[in-house]
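# Structural characterization, general
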Amino acid sequence: MLATATATPAAPPPAHSPHRATVGLAVPAAHARGRIGPNAITRVAEALLEEVGAETRREIFAGARLEGYLRDPPQHMVEEQEVMALHDVLRARLAPEHVRRVNRDAGVRTGAYLLARRIPRPVQKLLRILPAPLAARVLVTAIRRHAWTFAGTADFSAQSGRPVSFTLAGCPMCRGARTDAPCCDFYTACFEHLFRTLVHRRAAVCETACAAAGHVHCRFEVRW
Ligand SMILES: [Zn+2]
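Summarised in this report is the structure supplied together with it. Just so we're clear, the structure is a prediction, and the values are computed from it rather than from any experiment.

## A closer look at helix H3 (residues 54-63)
Taken as a whole, H3 has its buried residues at Arg-57, Ile-60 and Phe-61. In a view along the axis of H3, the buried residues occupy a sector of 95°, so they form one face of it. Buried residues along H3 sit against helix H2 (39-52), helix H4 (68-71) and helix H5 (80-93). Note on H3: the residue one or two positions beyond its end, Arg-65, has a positive phi of about 60°.

Written out as structure tokens, the structure is:
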């Protein structure tokens, strides 16, 4: 989802991308349409194992026709429809509070993966010593540049300031869903983990609008 301007990308660009060699730089949305980084599958698999155990996890992945990913976890970008199918089955099979815990856990795991593998240590060190508003601006820019790795066909936009805000129109985590409350906790938790680690330890992210709950788009606000 994020790699910063100087890092390798969070997930390899599609094989046909002419930008494959220009690691870490923004790839035009048209080249990545309909595909999402594998963390959206692999981290959900890890979180499900903790939350519901191996057998229920297998049933959920089978219900989404993704059982093969448990045996052979995806290493590259996956089809957006696969992520949507997994989340449809999650919502159908589990109680809302379970879905929420799984998605939050998966989002934190994704953030931790990005910090461990994709965001260079010197960049992390710099962000931690910058004043929070400046660090936030740098992080927002990096997230915007790498939206192609996590937004699929959604239109992503980001706004620096207080609060920082992100919007996803056509969010792949909740497209077609109807819920009583915002439900895109995977993104909420991932953004929060990154902001808490790199910008301010008390940063909190709230999904203030969600397409599944009847709003025009999903909107996430970051405050500290
Ligand atoms: Zn949402």
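## Looking at the packing of H2 against helix H6 (residues 96-118)
Remark: H2 packs on H6, axes separated minimally by 8 Å, with the N-to-C direction vectors making an angle of 130°. It follows that H2 is oblique to H6 by the angle criterion. The handedness of the crossing between H2 and H6 comes out as right-handed. The residues of H6 that touch H2, namely those facing Asn-39, Arg-43, Val-44, Glu-46, Ala-47, Leu-48, Glu-50, Glu-51 and Val-52, are His-98, Arg-101, Val-102, Asp-105, Ala-106, Arg-109, Thr-110 and Tyr-113. Counted by class, the contact of H2 with H6 contains seven nonpolar, three polar and seven charged residues.

## What about the environment of Glu-50?
Its place among the elements puts Glu-50 in helix H2. Note on Glu-50: 13 C-beta atoms within 10 Å, which makes it partly exposed. For the pair Glu-50 and Asp-105, spaced 55 residues apart in the sequence, the C-alpha separation amounts to 9.2 Å.

## Examining the sheet that holds strand S3 (residues 155-159)
Overall, antiparallel pairing links the four strands, which are arranged S3-S4-S6-S5 in an open sheet. Every interior strand has two partners, whereas the edge strands, S3 and strand S5 (204-209), have only one. Along the sheet, successive strands turn relative to each other by an average axial angle of 20°, direction set aside. Bridge count between S5 and strand S6 (residues 218-223): five bridges; the pairing is antiparallel. Each residue of the ladder has a partner; that of Ala-209, found in S6, is Arg-219. Along the sheet face, helix H9 (residues 185-198) touches strand S4 (164-169), S5 and S6 and points at about 150° away from the line of S5.

## Some points on H2
A rise of 1.5 Å per residue sets the reference length of H2, with its 14 residues, at 20 Å; its end C-alpha atoms lie 19 Å apart and thus fit the reference within 8%. Turning to H2, its buried residues are Asn-39, Ala-40, Ile-41, Thr-42, Arg-43, Val-44, Ala-45, Ala-47 and Leu-48. At its buried positions, H2 is contacted by strand S1 (35-36), H3, H4, strand S2 (78-79), H5 and H6. One or two residues past the end of H2 sits Gly-53, with phi positive at roughly 90°.

Here is what the cut-offs are and how they apply
- Residues numbered from 1 in each chain as written.
- Predicted model: local features only at pLDDT ≥ 70, side-chain atom pairs only at ≥ 80, totals over all residues.
- Buried ≥ 20, exposed ≤ 12 C-beta atoms within 10 Å, placed from the backbone.
- Helix = DSSP H or I, 4+ residues; strand = E, 2+ residues; numbered from the N terminus.
- Arc of directions from axis to C-beta.
- Contact = placed C-beta atoms within 7 Å.
- Axes fitted to C-alpha atoms, helices over the stretch in contact; angles between N-to-C directions.
- Parallel < 35°, antiparallel > 145°, perpendicular 65-115°, else oblique.
- Left-handed = near helix turned anticlockwise from the far one by under 90°.
- Nonpolar A, V, L, I, M, F, W, Y, C, P; charged D, E, K, R; others polar.
- Pairing = 2+ DSSP bridges.
- Expected span 1.5 Å × (residues − 1).

The values are spatial; any link to function lies outside them.
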